[in-house]
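Tertiary structure, described
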Amino acid sequence: GAATRSRRPYLSRRPDLKAEIFSIGTELLMGELTDTNAAWIATRLPALGIQLRWVSIVGDNLDMLSEAFSRGLERSDIIFTTGGLGPTQDDLTREGVAAALGETPTVQEEAVRHLEQQFRDRGTDMPSRNVKQAQLIPSAQFITNRNGTAPGWWAERGGKIVICLPGPPAENHSMWEEQVEPQLAELIE
């Protein structure tokens, strides 16, 4: 899960703690799927004292994602993302965060072993493309996904937080309830 962090004074409960949500995926942008995650997350922010200011749908394009993250980091304290954490070529959330923060992702061998075990537990070998799900940037930590192979990211830099969650609601919701919300509540007290 997200590693234990010491309290950060910049996340004190205050009326101007601004957040935004990026729902990532061309299938959402084109109306092929309906974004339910943003609304679900939005209902959980007021109890934490977080003011949701923007919700955006961003397609699977690295330039658009990098620009969205750069803009979001200028105007918000916290960015939540859903989607784009899978193993395919168009899953670019990690790459967009890395580009916006100017950091280079590297493969974490422990995460590769964990993914390989998840696939073995399902009776199959891990496809080589899934290695990209084991990448991490220096300012991020993994958020464990017990319902799927896409770990989330919790990145902190310059007093800002980017929390990336997968798109499938069963994965997104359990990760939020078990890890993200308790960690945010602890940081914001």
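Residues numbered from 1 in each chain as written. Predicted model: local features only at pLDDT ≥ 70, side-chain atom pairs only at ≥ 80, totals over all residues. Heavy atoms only, no water.

**Some details on helix H4 (residues 93–101)**
Of all 9 residues that make up H4, 7 are buried, and the element is covered over most of its length. The complete set of buried residues in H4 reads Thr-93, Arg-94, Glu-95, Gly-96, Val-97, Ala-98 and Leu-101. In this structure, the buried side of H4 is in contact with strand E1 (18–24), helix H3 (62–75), strand E3 (78–82), strand E5 (135–136), strand E7 (152–157) and strand E8 (160–165). Looking one or two places after H4, you find Gly-102, whose phi comes out positive at around 65°. (Buried < 20%, exposed > 50% of the residue type's maximum accessible area, 1.4 Å probe, protein only. Helix = DSSP H or I, 4+ residues; strand = E, 2+ residues; numbered from the N terminus. Contact = heavy atoms within 4.5 Å.)

**So, the packing of aromatic side chains**
Applying the stated criterion across every chain, the model contains 3 aromatic pairs. Summarising the aromatic geometry, the rings of Phe-22 and Phe-69 are spaced 5.3 Å apart at their centres and angled 75° between planes, so their arrangement reads as edge-to-face. On the criterion of sequence distance, the pair formed by Phe-22 in strand E1 and Phe-69 in helix H3 is long-range, its members being 47 residues apart. The pair formed by Phe-22 and Phe-69 is uniform in burial state, with each residue classed as buried. Through successive ring pairs, a cluster of aromatic residues spans Trp-40, Phe-80 and Trp-176. Lying across the ring of Phe-119, Arg-122 places its NZ or CZ 5.7 Å from the centre. (Phe/Tyr/Trp six-rings, centres within 6.5 Å; stacked < 30°, edge-to-face > 60°. Lys NZ or Arg CZ within 6 Å of the ring centre and 35° of its normal.)

**Quick notes on the pattern of salt bridges**
Pairing is possible between side chains of opposite charge, provided their charged atoms come close. Tallying each qualifying case throughout the model produces 5 salt bridges. Across the salt bridge formed by Arg-75 and Glu-20, the nearest N and O atoms sit 3.0 Å from each other. Of the two residues, Arg-75 sits in helix H3 while Glu-20 sits in strand E1, which places them 55 residues apart along the sequence. According to the relative accessible area criterion, Arg-75 is partly exposed, its value standing at 24%. A residue is classified by how much of its surface remains accessible, and Glu-20, at 0% relative accessible area, is buried. Here Glu-103 makes a salt bridge to Arg-157, at a shortest N to O gap of 2.8 Å. With Glu-103 in the loop between H4 and strand E4 (106–107) and Arg-157 in strand E7, this pair connects stretches of sequence that are 54 residues apart. (Salt bridge = Lys/Arg side-chain N within 4 Å of Asp/Glu carboxyl O.)

**A word on the layout of surface pockets**
The computed volume of the largest pocket comes to approximately 380 Å³. Every residue lining the largest pocket is counted, 29 residues in all, and those nearest its centre are Gly-83, Gly-84, Pro-166, Gly-167 and Pro-168. For the lining of the largest pocket, the residue count by class is 9 nonpolar, 13 polar and 7 charged. Reported here for the second largest pocket is a volume of approximately 290 Å³. Lining of the second largest pocket is provided by 15 residues; of these, Ala-111, His-114, Phe-142, Thr-144 and Pro-151 occupy positions nearest its centre. Ranked by residues supplied to the lining of the second largest pocket, first place goes to helix H5 (residues 109–121) with 5 residues. Of the residues in the lining of the second largest pocket, the class split is 5 nonpolar, 9 polar and 1 charged. (1 Å grid on protein atoms, 1.4 Å probe; cavity = no way out; pocket = protein on both sides within 12 Å on 5 of 7 lines; lining within 4 Å. Points joined across faces, edges and corners; volume = space filled by probe spheres on them. Nonpolar A, V, L, I, M, F, W, Y, C, P; charged D, E, K, R; others polar.)

**Overview of the environment of Gln-135**
Take Gln-135: it is sitting in strand E5. Each C-alpha atom, one on Gln-135 and one on Pro-105, is 5.5 Å from the other, the two residues being 30 residues apart in sequence. When near neighbours in sequence (up to four residues on either side) are disregarded, Gln-135 contacts Arg-94, Pro-105, Thr-106, Val-107, Phe-142 and Trp-153.

**Things to note about the sheet that holds E1**
Across the sheet, which stays open at both edges, the 6 strands sit in the order E2-E1-E3-E8-E7-E6 with mixed pairing between neighbours. A single partner strand is all that each edge strand has here, and the edge strands are strand E2 (51–58) and strand E6 (140–143). Shown here is a sheet whose adjacent strand axes are inclined to one another by a mean of 15°, direction ignored. Sheet analysis places E7 next to E8, joined by 5 bridges and oriented antiparallel. Bridging from a neighbouring strand, Trp-154 pairs with Ile-163 of E8. (Pairing = 2+ DSSP bridges. Axes fitted to C-alpha atoms, helices over the stretch in contact; angles between N-to-C directions.)

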